[in-house]
Amino acid sequence: MTDVATRAGDAPMDLLGAMGMAVRDASVNDFDPNLTRISFIYGLPDFNHLPTAAVAQAVQTALQNEGATALQYGRVGGYPPLVNYIRAFLKRTQMMEVAEDAILLTAGSTQALAFVAQLLVDRGDTIITEDPTWPGGVSLFNQIGARLVTVPIDSDGMQIEALAERLASLRAEGVRPKFIYTIPNFQNPVGVTLTLERRQRLLDLAEEYNTFVFEDDAYNALRFEGAPLPALYALNAERGGNRVITIGTLSKTLAAGMRLGWVVAPPALIRKIGGIKGDGGVSPFSATAAAEFCLAGNLEPHIETLKALYRGRRDAMAAALSEYMPEGVTWTQPEGGFFMWVTVPEGINTGALLPQAMQDGFDFLPGAACRFDGRTNEIRLSFSVVDEEQIRVGIAKLGRLIHRAMAGQRED
């Protein structure tokens, strides 16, 4: 069993700290859209396609029609018109039937993740997580003192047989994990999607071992191709179960700066989150503006625009990788989301290549930032904030850098 309790989060934090980068994808502290350096690090929505005019109109309408609501404290559960819009949106897009008392708005999905972890996990408790996974979530779990047990992923998502082995080993120790954390759609960082068969088997195991599934679904709406799959929450509800907690966000589809996300969970857990939240409602100003934007019919056409944009960038990155990567380098082909995952031959430390990359005018996220097992021969590439020409130029530079590293490896 892969158990990283003593070092979960340390390697990602150390690596990114040395780089002067933020662990959390949503952070722009070190990002300037006018930089001459081509950046493949950041999982941010494209700066030039933020719906500023439509949001400005929505803000004006919100203040005219709901000014007292927008500028006052609000309900802990969130602004009802936005909550109800999200419920309907989840039903249309993810086959989720969400009761009024099973959802709560949060300041982005990261806050939702933090609230659930705070409620369910005490220091020393066990969490199962995919490996690799999003460094920000791992950092949070590490901060609360969780013991992390990891499960590998492949082209079909989390390896369910490996998960079954982990769960059996933990049961033999007398340990019940508090939850199984998964990013089932266009996984960050690898970009793969958990198959329907594996989703069903994951729910079987959660039932058998009496634990929750924690579904982090930030990228679901950004599917470029392939048939949409039902959310784990929806599949669990079909069985009459209540073992899935789902978090989502408007950060990737509307505007990250509005800081709006949600958690869907059994009502008893939602009530407990409301009890610790106590913030006078997630930004009633942002929520009323977002509700006006969405109810005016703006969100889903905007998502279609983003899907076309990111599909083109994904395709441009795939074409550039095919042209410029040496033999022996492989990469994923995501059906949606922001990321591609590149694997170079073993023995090449991609983190050691980063300083030269930055001198060459581009950067990337070494895969070790997302790993627990010491593996260093991987790269996460984001295509969301770079245009197609920048992608071609940056990948050509990356190809030359990897060529040199592989040639040096052969000489050694």
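What counts, and where the lines are drawn
- Here the residue numbering is sequential within each chain, running from 1 through the sequence in written order.
- Only residues with pLDDT of at least 70 get local features here, since the model is predicted, and only at 80 or more are side-chain atom pairs given and counted; chain-wide, interface and lining totals rely on the full set of residues.
- Side-chain descriptors were evaluated using all non-hydrogen atoms of the structure, hydrogens and water having been removed beforehand.
- For two strands to count as paired, DSSP must find a minimum of two bridges between them.
- Think of it this way: any DSSP run of H or I at least four residues long counts as a helix, any run of E at least two long counts as a strand, and we number them from the N terminus.
- Whether two residues are in contact is decided by their heavy atoms: any pair within 4.5 Å suffices.
- Under this scheme, a helix contributes an axis fitted over its contacting stretch, all axes are lines through C-alpha atoms, and angles between N-to-C directions fall in the 0 to 180 degree range.
- Summary of the burial criterion: residues with accessible area below 20% of their type's maximum are buried, those above 50% are exposed, and those between are partly exposed, where the area comes from a 1.4 Å probe applied to protein chains only.
- Aromatic rings from Phe, Tyr and Trp, with only the six-membered ring used for Trp, were paired whenever their centres fell within 6.5 Å, and each pair was classed as stacked if the ring planes differed by under 30 degrees, edge-to-face if by over 60, and tilted otherwise.
- Here the nonpolar core consists of buried residues drawn from Ala, Val, Leu, Ile, Met, Phe, Trp, Tyr and Cys, with membership extended through side-chain atoms lying within 4.5 Å.
- Should an angle fall under 35 degrees it is called roughly parallel, over 145 degrees roughly antiparallel, and 65 to 115 degrees roughly perpendicular, with every other angle called oblique.
- Residues are grouped as follows: Ala, Val, Leu, Ile, Met, Phe, Trp, Tyr, Cys and Pro are nonpolar; Asp, Glu, Lys and Arg are charged; every other residue, Gly included, is polar.
- Expected helix span is taken as 1.5 Å per residue step, with the number of steps being one fewer than the number of residues.
- Take the seven residues that end at a residue and the seven that start at it, fit an axis to each, and the angle between those axes is the bend at that residue.

### Description of the sheet that holds strand β2 (residues 103–106)
Phase 1 of the analysis: An order of β2-β9-β8-β7-β6-β3-β4-β5 is seen for the 8 strands of this open sheet, with the pairing classed as mixed. Only two strands of the sheet have a single partner each, and these edge strands are β2 and β5 (157–158).
Phase 2 of the analysis: Running at roughly 115° to β2, helix α3 (residues 80–94) makes contact with β2 and β9 (261–264) of the sheet.
Phase 3 of the analysis: Sheet strands in contact with helix α10 (residues 267–277) are β2, β8 (244–249) and β9, and its direction is about 30° off that of β2.

### Re unusual backbone geometry
Leaving glycine aside, a negative phi is the common case for residues, and trans is the common case for peptide bonds.
Phase 1 of the analysis: The linkage connecting Asp 131 with the following residue, Pro 132, adopts the cis geometry, with an omega of 5°.
Phase 2 of the analysis: One non-glycine residue, Met 95, lies in the positive phi region at around 65°.
Phase 3 of the analysis: Position of Met 95 relative to the elements: it lies in the loop between α3 and β2.
Phase 4 of the analysis: At Asn 210, a residue that is not glycine, the phi angle is positive and equals roughly 55°.
Phase 5 of the analysis: Looking at where Asn 210 falls in the secondary structure, it is placed in the loop between α7 (196–208) and β7 (212–216).
Phase 6 of the analysis: Assessed through its relative accessible area of 38%, Asn 210 is described here as partly exposed.

### Some details on the environment of Leu 398
Phase 1 of the analysis: Turning to its location among the elements, Leu 398 is positioned in helix α14 (residues 388–411).
Phase 2 of the analysis: Residues in contact with Leu 398, not counting those within four places in the same chain, are Met 325, Phe 362, Phe 364, Ile 379 and Leu 381.

### Here we look at the packing of aromatic side chains
Phase 1 of the analysis: For the structure shown, the criterion picks out 11 aromatic pairs.
Phase 2 of the analysis: Centre to centre, the rings of Phe 179 and Phe 214 are 5.1 Å apart; their planes meet at 80°, and the pair counts as edge-to-face. You can see Phe 179 sitting in strand β6 (residues 179–182) and its partner Phe 214 sitting in strand β7, a full 35 residues away along the chain. Take Phe 179 and Phe 214: they sit in the same class, and that class is buried.
Phase 3 of the analysis: Ring geometry for Phe 338 and Phe 339: centres 6.2 Å apart, planes at 70°, overall edge-to-face. Take Phe 338 and Phe 339: they sit in the same class, and that class is buried.

### Some details on the nonpolar core
Phase 1 of the analysis: Residues Leu 82, Leu 163, Leu 254 and Leu 299 are the most contacted members of the largest nonpolar core, which totals 61 residues.
Phase 2 of the analysis: Setting aside residues no more than four positions away along its own chain, Leu 163 makes contact with Ile 128, Val 151, Met 158, Ile 180, Leu 202 and Leu 205.
Phase 3 of the analysis: The next biggest cluster of nonpolar side chains, apart from the first, holds 41 residues, and it includes Val 344, Phe 364, Ile 379 and Ala 396.

### Section: the packing of helix α6 (residues 160–173) against α7
Phase 1 of the analysis: Interaxial distance between α6 and α7 falls to 10 Å at its minimum, and their mutual angle equals 5°. Taken together, α6 and α7 sit at an angle that is classed as roughly parallel. Seen from α6, the contacting residues are Ile 160, Glu 161, Leu 163, Ala 164, Leu 167 and Arg 171; seen from α7, they are Arg 198, Arg 201, Leu 202, Leu 205 and Glu 208.
Phase 2 of the analysis: Of the residues belonging to the contact of α6 with α7, the class tally is 6 nonpolar, no polar and 5 charged.

### Quick look at helix α2 (residues 52–70)
Phase 1 of the analysis: Relative to the 27 Å expected for 19 residues at 1.5 Å per residue, α2 spans just 19 Å between its end C-alpha atoms, considerably shorter than the ideal helical length.
Phase 2 of the analysis: The sharpest bend along α2 measures roughly 75° and falls at Gln 64.
Phase 3 of the analysis: For α2, the set of buried residues is Val 55, Ala 58, Thr 61, Ala 62, Gly 67 and Ala 70.
Phase 4 of the analysis: Among the structural elements, α9 (251–255) and α11 (284–295) are those in contact with the buried residues of α2.

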